[in-house]
Amino acid sequence: MRIIGCDLHARQQTIAMLNTETGEVVEKILRHDKEIVREFYASLPGPVRVGIEATGSMQWFLQLMEELGIDCQVGHPAKIRAAEPRKQKHDRRDAALQLKLLVENRFPAISMPSTEQRDLRVLLLHRHQWVRMRTRVQNTLQAIALSHGLRRGATLWSQAGQHAIASLPLAPNAAHRRTQLQILYRRLDRQIGKLDERIRDQALRRPGANLLMTHPGVGAVTALATDVFLGDPTRFPDGKALASYVGMIPSEHSSGGRQQLGKLSKQGNPLLRFLWGEAAMHAVRQDPRLKHFYRHKLQQKGLGKARVAAARKLGIRLYIMLRDQIDYEEFCRRGQLRQKSGSAHAGMPGRNSGPAVQ
């Protein structure tokens, strides 16, 4: 067997390869010409195991390894670096370190999404980028309207509101800017509408997303994002591990019996945190138990912490539904049984939960 530690960069990769039969270690630098890289790995007699550090430019390499049938493990960058206390760092040492961790079965491999999940993540991130662009355009148009005494709030985006802002008497350059922004807003809105249709179509094709959409306040975007970004829910032992993974727990610096908590760690997927926060504000209006929880936290902790707490509870609910493959109605039934037996857990609803949303 050949075990390879690979320090992957955008233009080249440095490898340290061990032949387990002879004990020979070969170091090599491969320039990133796809044919050269393909020929090298295709020429290796199997079995072959490759370990790389997670990086943003690794997708083509993972696809190549998948095509060649090579076992490729992706490691956690911080944990790999923590395994080497020395301050000397260069490509050859990094490749040798990854090889050492692979040989000793200490390589900190992380869970990787499938090809389908990666493609759906691209769709969700693409929509989110367009939404952010539309929001910036809306904020600019709203500022133009307010600076000229036009106060219409959310109705500014209706047909009458757009006609009102188009009728404002402005100087030539300001009028040109307003017109271009309105054209851009309409174009972005149409594109986002088309992306919403694609996302809903993809969500309806996935059983897990269908189950999540039965929860009040959870739409196709949030359901699909939860399904594809969490992947296999059984890899999380409980809801606390999930909240830690998404970054919805406070940072902590405690020592000597003194506990000091800070802001959210945010060591997770920012899009998933954002979507859970948005969906939670819709869910608290429709789910009585979640609404009671949110109002209690609002009085106890204030608006910001109450929103985060509601988003975390909603996320744990979705995780439970995805893990157990149950819809909202079954989730509420189990929650009522747990409430009667006195063994309710975080995220589980109580007796006052509303009916299922189909």
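Residues numbered from 1 in each chain as written. Predicted model: local features only at pLDDT ≥ 70, side-chain atom pairs only at ≥ 80, totals over all residues. Heavy atoms only, no water.

Colleague: Can you help me understand the sheet that holds strand E3 (residues 25-31) in this one?
Modeller: The strands that make up a sheet are held in pairs by hydrogen bonds between backbone atoms, and each pair lies either parallel or antiparallel. Across the sheet, which stays open at both edges, the 5 strands sit in the order E3-E2-E1-E4-E5 with mixed pairing between neighbours. The outermost strands of the open sheet, each flanked by one partner alone, are E3 and strand E5 (71-75). For this sheet, the mean angle separating the axes of adjacent strands, direction not counted, is 20°. With respect to the sheet, helix H4 (residues 91-103) is in contact with strand E1 (2-8), strand E2 (12-19), E3, strand E4 (48-53) and E5, its orientation differing from that of E1 by roughly 140°. (Pairing = 2+ DSSP bridges. Helix = DSSP H or I, 4+ residues; strand = E, 2+ residues; numbered from the N terminus. Axes fitted to C-alpha atoms, helices over the stretch in contact; angles between N-to-C directions. Contact = heavy atoms within 4.5 Å.)

Colleague: Which parts of the structure should I look at to understand the packing of aromatic side chains?
Modeller: Each pair of aromatic rings is reported with the distance of its centres and the angle of its planes. Under the definition given, this model contains 6 aromatic pairs. Taking 5.2 Å as the distance between ring centres and 40° as the angle between the ring planes, the aromatic pair formed by Trp 157 and Tyr 185 counts as tilted. Taken together, the positions of Trp 157 in the loop between helix H5 (115-147) and helix H6 (159-166) and Tyr 185 in helix H7 (residues 172-205) put the pair 28 residues apart, joining distant regions of the chain. Judged by its relative accessible area of 8%, Tyr 185 is buried. Between Phe 236 and Tyr 319 the ring centres are 6.3 Å apart and the planes differ by 85°, which places this aromatic pair in the edge-to-face class. Of the two residues, Phe 236 is situated in the loop between helix H9 (220-230) and helix H10 (239-246) and Tyr 319 in helix H13 (residues 303-324); the sequence distance between them amounts to 83 residues. In this pair, the class of Phe 236 matches that of Tyr 319, namely buried. An aromatic cluster of three or more residues is present, and its members are Phe 40, Tyr 41, Trp 60 and Phe 61. Cation over ring: Arg 235 sits above Tyr 245, and NZ or CZ is 4.9 Å from the ring centre. Just above the ring of Phe 293 sits the side chain of Lys 313; from NZ or CZ to the centre is 4.5 Å. (Phe/Tyr/Trp six-rings, centres within 6.5 Å; stacked < 30°, edge-to-face > 60°. Buried < 20%, exposed > 50% of the residue type's maximum accessible area, 1.4 Å probe, protein only. Lys NZ or Arg CZ within 6 Å of the ring centre and 35° of its normal.)

Colleague: How should the confidence of the model for the chain be read in this particular structure?
Modeller: Close reading of the predicted structure is inappropriate where its pLDDT is low. Mean pLDDT over the chain stands at 90; residues scoring 70 or higher make up 95%. Put simply, strand E7 (residues 261-264) is where the chain has its lowest mean pLDDT, 82, and H7 is where it has its highest, 96. Here residues 350-358 is modelled with pLDDT under 50, and outside its nearest four sequence neighbours on either side it reaches 24 contacts, counting other chains as well. (pLDDT = per-residue confidence, 0-100.)

Colleague: Looking at this structure, I do not really get the nonpolar core. What am I missing?
Modeller: The nonpolar side chains of soluble globular proteins are, as a tendency, buried together. Ranked by internal contacts, the top residues of the largest apolar core, which has 49 residues, are Leu 124, Leu 242 and Trp 276. Setting aside residues no more than four positions away along its own chain, Leu 242 makes contact with Leu 230, Phe 236, Trp 276, Gly 315, Ile 316 and Tyr 319. (Core = buried A, V, L, I, M, F, W, Y, C linked by side-chain atoms within 4.5 Å.)

Colleague: Would you mind showing me how to read unusual backbone geometry here?
Modeller: Only a minority of non-glycine residues have a phi that is not negative, and only a minority of peptide bonds are not trans. In this structure, the amide linkage connecting Gly 46 to the following residue, Pro 47, adopts the cis form with an omega of -5°. Relative to the helices and strands, Pro 47 resides in the loop between helix H1 (34-42) and E4. The backbone phi angle of Asn 105 is positive, close to 60°, even though this residue is not glycine. On the secondary structure map, Asn 105 appears in the loop between H4 and H5.

Colleague: Honestly, the side chain of His 128 in this entry has me stumped. Any pointers?
Modeller: Relative to the elements of secondary structure, His 128 occurs in helix H5. By relative accessible area, which is 18% here, His 128 ends up buried. Sequence-distant contacts of His 128, defined by excluding residues within four places in its chain, comprise Leu 271 and Phe 274.

Colleague: Can you walk me through the environment of Leu 44 in this structure?
Modeller: Here Leu 44 shows up in the loop between H1 and E4. Sequence separation of Leu 44 and Val 246 is 202 residues, and the distance between their C-alpha atoms is 39 Å.

Colleague: Explanation requested: the packing of helix H11 (residues 270-286) against helix H12 (residues 288-301) in the structure shown.
Modeller: Axis angle and axis distance: for two packed helices, these are the angle between their axes and the distance between the axes, and together they describe the pair. For the pair H11 and H12, the least separation of the axes is 6 Å and the interaxial angle reads 110°. Between H11 and H12, the interaxial angle falls into the category roughly perpendicular. Where H11 crosses over H12, the handedness of that crossing is left-handed. Contact with H11, carried on its side by Met 281, Ala 283, Val 284 and Gln 286, involves Pro 288, Leu 290, Lys 291 and Tyr 294 of H12 and no other residues of that element. Of the residues in the contact of H11 with H12, the class split is 6 nonpolar, 1 polar and 1 charged. (Parallel < 35°, antiparallel > 145°, perpendicular 65-115°, else oblique. Left-handed = near helix turned anticlockwise from the far one by under 90°. Nonpolar A, V, L, I, M, F, W, Y, C, P; charged D, E, K, R; others polar.)

Colleague: For this particular structure, what's the right way to read the packing of H7 against H9?
Modeller: With their axes 9 Å apart at the nearest point, H7 and H9 run at an angle of 55° to one another. By the angle between their axes, H7 is oblique relative to H9. With respect to the hand of their crossing, H7 and H9 are arranged in left-handed fashion. Listed contacts from H9 to Asp 196, Ile 199, Arg 200, Gln 202 and Ala 203 of H7 are Ala 220, Val 221 and Leu 224. When the residues that make up the contact of H7 with H9 are grouped by side-chain class, the tally is 5 nonpolar, 1 polar and 2 charged.

Colleague: Before we go on, may I ask you to explain the side chain of Arg 178 in this structure?
Modeller: Topologically, Arg 178 is positioned in helix H7. It turns out Arg 178 is buried and unbridged, and the closest side chain with the opposite charge, Asp 189, is 18 Å from it. Apart from the residues within four sequence positions on either side, Arg 178 is in contact with Leu 141, Ile 165, Ala 166, Ser 167, Leu 168 and Leu 170. (Lys, Arg positive; Asp, Glu negative; His and termini not counted. Salt bridge = Lys/Arg side-chain N within 4 Å of Asp/Glu carboxyl O.)

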